[in-house]
Amino acid sequence: MPTIKITKLAVEKLPPVGIGEQVDYFDTALKGFGVRASAAAKTYFVMTRVNGRKVRYTIGKHNPWTAETARDEAKGKLRGMGKGENPNRQKRTAREAAVTLKEVFEKYLEVKKLAMNTIDGYKLNMKNHFADWQKLPINEITTEMVVRRHTEIGEKPAKTAHDGGENRQKGGTT
């Protein structure tokens, strides 16, 4: 593992690497801070142990990141990692939090082989019973919310595809 004092000039002067090759350079001043040189880019990162496991977190590419701003970011990340925080897990959780019920539903319909009647029924149920949930991040939908909604649906008159989703009286015909 080569070491350098990571500065803007030092990063720009790193020798080119071949396609498919990567070289990690670690900073002589800040332990755990480094820059990875590849054929495509030079990327700042931090790497240290979190709860006994080696964790590598990518800060970002050189240009737009400067060595100085990457170093500042690295100090903060390393401080958190020293306290047992895994920034990759935090990033993944944030990304998952942004996935909505609508996106999960659409992906389900895309990957699951279903009959058209089944798809139509599912879409109708989403429209009739979960319209207000569609923009909710999936991980914000709790068990209690599902139980409450299930109870509410069971107490309402049925809505069917045959009557355009309009309420019909229990026991009535369309």
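Residues numbered from 1 in each chain as written. Predicted model: local features only at pLDDT ≥ 70, side-chain atom pairs only at ≥ 80, totals over all residues. Heavy atoms only, no water.

(A) Inspection of the nonpolar core at higher detail. Ranked by size, the top nonpolar core spans 21 residues in total, and within it Ile6, Leu14, Phe33, Val35, Tyr44, Val46 and Ile59 carry the most contacts. Among the secondary structure elements, those contributing two or more residues to this core are strand E3 (33-38), strand E4 (42-50), strand E5 (53-61) and helix H2 (67-82). It is H2 that provides the largest number of residues to this core, a total of five residues. Grouped together as the second largest cluster of nonpolar side chains are eight residues, Ile119, Trp133, Ile141 and Met145 included. (Core = buried A, V, L, I, M, F, W, Y, C linked by side-chain atoms within 4.5 Å. Buried < 20%, exposed > 50% of the residue type's maximum accessible area, 1.4 Å probe, protein only. Helix = DSSP H or I, 4+ residues; strand = E, 2+ residues; numbered from the N terminus.)

(B) Up close: the packing of aromatic side chains. According to the stated counting rule, one finds four aromatic pairs in the structure shown. On the numbers, 5.4 Å between centres and 90° between planes, the contact of Phe26 with Phe45 is edge-to-face. Here Phe45 lies in strand E4 and Phe26 lies in strand E2 (residues 22-27), a separation of 19 residues in the sequence. Of the two residues, Phe26 and Phe45, neither departs from the other in class, the shared state being buried. Here Arg56 stacks its cationic end above the ring of Phe45, 3.7 Å away from the centre of that ring. (Phe/Tyr/Trp six-rings, centres within 6.5 Å; stacked < 30°, edge-to-face > 60°. Lys NZ or Arg CZ within 6 Å of the ring centre and 35° of its normal.)

(C) Just the environment of Thr100, in detail. One can find Thr100 in the loop between helix H3 (87-97) and helix H4 (101-111). Residue classification places Thr100 among the buried positions, given a relative accessible area of 14%. Along the backbone, Thr100 and Ile138 are 38 residues apart, and their C-alpha atoms lie at a distance of 5.1 Å. If we ignore the near neighbours within four places in the chain, the residues touching Thr100 are Gln134, Lys135, Leu136, Pro137 and Ile138. (Contact = heavy atoms within 4.5 Å.)

Scope: geometric values only; no functional claims are made or implied.
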